[in-house]
Amino acid sequence: MEKIAIIGLGMIGYEITKKYNELGYDTHIINRSDKGFFKNNDNITNHFVDITDENKIKKTIENINPDFVVNTAAFTNVDLCETEKELAYKTNALSVGYIGEACKKLNIPLCHISTDYVFDGEDGNYVENDEINPINYYGHTKADGEKILNELNHDLTSIVRISVPYCISPVKVNFFMWVLDMLKKGEDMNILIDQWNTPTFVNELVDGIVAIHKKDVSGLFHFGGGEKLSRYEFALKVAEIFEIDKTPINPVESSEMNWKADRPKDTTLNNSKIEQKLKIKLKTVDECLKELKKII
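Rules of the game
Residues numbered from 1 in each chain as written. Predicted model: local features only at pLDDT ≥ 70, side-chain atom pairs only at ≥ 80, totals over all residues. Heavy atoms only, no water. Axes fitted to C-alpha atoms, helices over the stretch in contact; angles between N-to-C directions. Helix = DSSP H or I, 4+ residues; strand = E, 2+ residues; numbered from the N terminus. Parallel < 35°, antiparallel > 145°, perpendicular 65-115°, else oblique. Left-handed = near helix turned anticlockwise from the far one by under 90°. Contact = heavy atoms within 4.5 Å. Phe/Tyr/Trp six-rings, centres within 6.5 Å; stacked < 30°, edge-to-face > 60°. Buried < 20%, exposed > 50% of the residue type's maximum accessible area, 1.4 Å probe, protein only. Lys NZ or Arg CZ within 6 Å of the ring centre and 35° of its normal. Patch = residues over 30% accessible without salt bridge, like charges linked within 9 Å, V, L, I, M, F, W, Y side chains within 5 Å. Areas by Shrake-Rupley, 256 points an atom, 1.4 Å probe, with all protein chains shown as cover. Salt bridge = Lys/Arg side-chain N within 4 Å of Asp/Glu carboxyl O. Core = buried A, V, L, I, M, F, W, Y, C linked by side-chain atoms within 4.5 Å.

Peer 1: Lay out the packing of helix H1 (residues 11-22) against helix H7 (residues 202-214) with the relevant residues and their values.
Peer 2: Interaxial distance between H1 and H7 falls to 10 Å at its minimum, and their mutual angle equals 60°. Considering their axes alone, H1 and H7 lie oblique with respect to each other. Pair H1 / H7 crosses with right-handed handedness. Between H1 and H7, the contacting residues are Met11, Ile12, Glu15, Ile16, Lys19 and Tyr20 on the first element and Val202, Leu205, Val206, Asp207, Ile209, Val210 and His213 on the second.

Peer 1: Explain the packing of aromatic side chains residue by residue, including any values.
Peer 2: If you walk through the whole model with that rule in mind, you get 12 aromatic pairs. Pairing tyrosine 166 with phenylalanine 234 gives two aromatic rings, centres 5.1 Å apart and planes at 75°, and the pair type is edge-to-face. Here the residue tyrosine 166 occupies a position in the loop between strand S6 (157-162) and helix H6 (175-185), and phenylalanine 234 occupies one in helix H8 (residues 231-241), the gap between them amounting to 68 residues. With respect to class, tyrosine 166 is no different from phenylalanine 234; both count as buried. Between phenylalanine 175 and phenylalanine 234 the ring centres are 5.7 Å apart and the planes differ by 45°, which places this aromatic pair in the tilted class. Of this pair, phenylalanine 175 sits in helix H6 while phenylalanine 234 sits in helix H8, and the two are 59 residues apart along the sequence. Through successive ring pairs, a cluster of aromatic residues spans Tyr166, Phe175, Phe176, Trp178, Phe201, Phe234 and Phe242. Sitting over the ring of tyrosine 137, lysine 85 keeps its end group 5.0 Å from the ring centre.

Peer 1: Go over a nonpolar patch on the surface, please, and point to the residues and values.
Peer 2: Nonpolar side chains collect at one region of the surface, where Ile168, Ile295 and Ile296 lie side by side and expose about 280 Å² of accessible area between them. Here isoleucine 296 lies in the segment after helix H10 (285-295).

Peer 1: Requested: an account of the nonpolar core, with residues and values cited.
Peer 2: Membership of the largest hydrophobic core comes to 27 residues, with the highest contact counts inside it found for Ile16, Tyr20, Val160 and Ile209. Counting only elements with at least two residues in this core, the list comes to strand S1 (3-7), H1, strand S4 (68-71), strand S5 (110-115), S6, H7 and helix H9 (272-278). With seven residues, the single largest contributor to this core is H7. Excluding its chain neighbours within four sequence positions, the residues that come into contact with tyrosine 20 are Ile4, Ile6, Tyr25, Thr27, Phe68, Ile209, Val210 and His213. Core analysis: the second largest hydrophobic core is formed by 23 residues, Met189, Ile191, Ala239 and Val285 among them.

Peer 1: Quick one: what's the story with the pattern of salt bridges, residue by residue and with numbers?
Peer 2: Tallied over the entire structure, the rule returns 15 salt bridges. Close ionic contact of lysine 90 with glutamate 86 constitutes a salt bridge, the shortest N to O distance being 3.3 Å. Taken together, the residues lysine 90 and glutamate 86, both in helix H4 (residues 85-106) and four residues apart, mark about one turn of the helix. The closest approach of N and O atoms between lysine 293 and glutamate 243, which form a salt bridge, is 2.8 Å. With lysine 293 in helix H10 and glutamate 243 in the loop between H8 and strand S11 (249-252), this residue pair connects regions lying 50 residues apart in the sequence. We classify lysine 293 as partly exposed; its relative accessible area is 32%. Its relative accessible area of 66% is what places glutamate 243 among the exposed residues. Through salt bridges with shared partners, a single network forms among Glu54, Lys58 and Glu101.

See below:
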């Protein structure tokens with residue numbers, strides 16, 4: 001039985017773990033602490049490790065000796081990254097190097113999850129070889145994580161950039177879940193009309209990562225969603241698909257937000273490379289929301 005090591009048990013790590021467990025793999029979770037998920041499952045093993053501890057994370061990967069590693073661990077609070085810079089850099093950049101070095105030493109394929117925030121948002125519709133230019137510290141740390149991996153020259157590495165991931169998650173409230181909850185409560189919310197992205201449906205992302213694994217694919221890939229939307233447009237679609245009054249959704253501009261970190265305006269990702277490489281066609285947001293509606 002193949003061994004899969006999944007680093008990080010946030011929203012994406014949880015869904016990838018669930019998927020590989022369903023597929024019957026010997027699944028190993030590497031996370032800082034026990035979140036109480038996947039208890040009493042003989043095919044899932046937990047390893048409680050601080051990934052910023054170089055010796056411990058390398059030793060853990062060596063002891064597991066997996067056939068495939070997925071690194072989902074990240075410090076993703078964009079504003080907090082501006083004040084907790086040391087921890088953000090250790091988590092999003094330095095630890096990525098430790099993981100990459102361990103995988104290279106053991107000749108293990110590694111899939112690392114990155115972000116659209118490596119771009120400055122001036123152009124949008126970014127392809128993989130477009131120049132990166134992060135405008136906040138979170139983006140800077142993630143860009144350096146990519147750079148460190150690339151400098152290792154480990155041929156079995158794939159880097160997957162995503163954009164505003166959403167799903168129904170028991171781990172973390174994402175933008176979709178927050179909007180739906182606020183709509184159900186009828187509570188007002190201020191949603192941006194001038195920030196665009198290609199929201200990543202996590203269920204599709206997980207299938208894409210499994211495909212990367214099974215097809216032995218490596219390289220840099222963009223895995224956004226099937227269409228470009230502003231946050232405001234996305235929220236309106238949630239109201240429409242779930243048939244809830246859209247009145248609580250208030251359009252606002254970025255200038256009205258009291259953020260510590262700057263946000264890029266348009267980080268839409270061009271998905272053509274991964275669609276061609278993996279032979280997949282990403283769904284529209286409407287299609288993804290309809291899938292979610294069926295399971296809520």
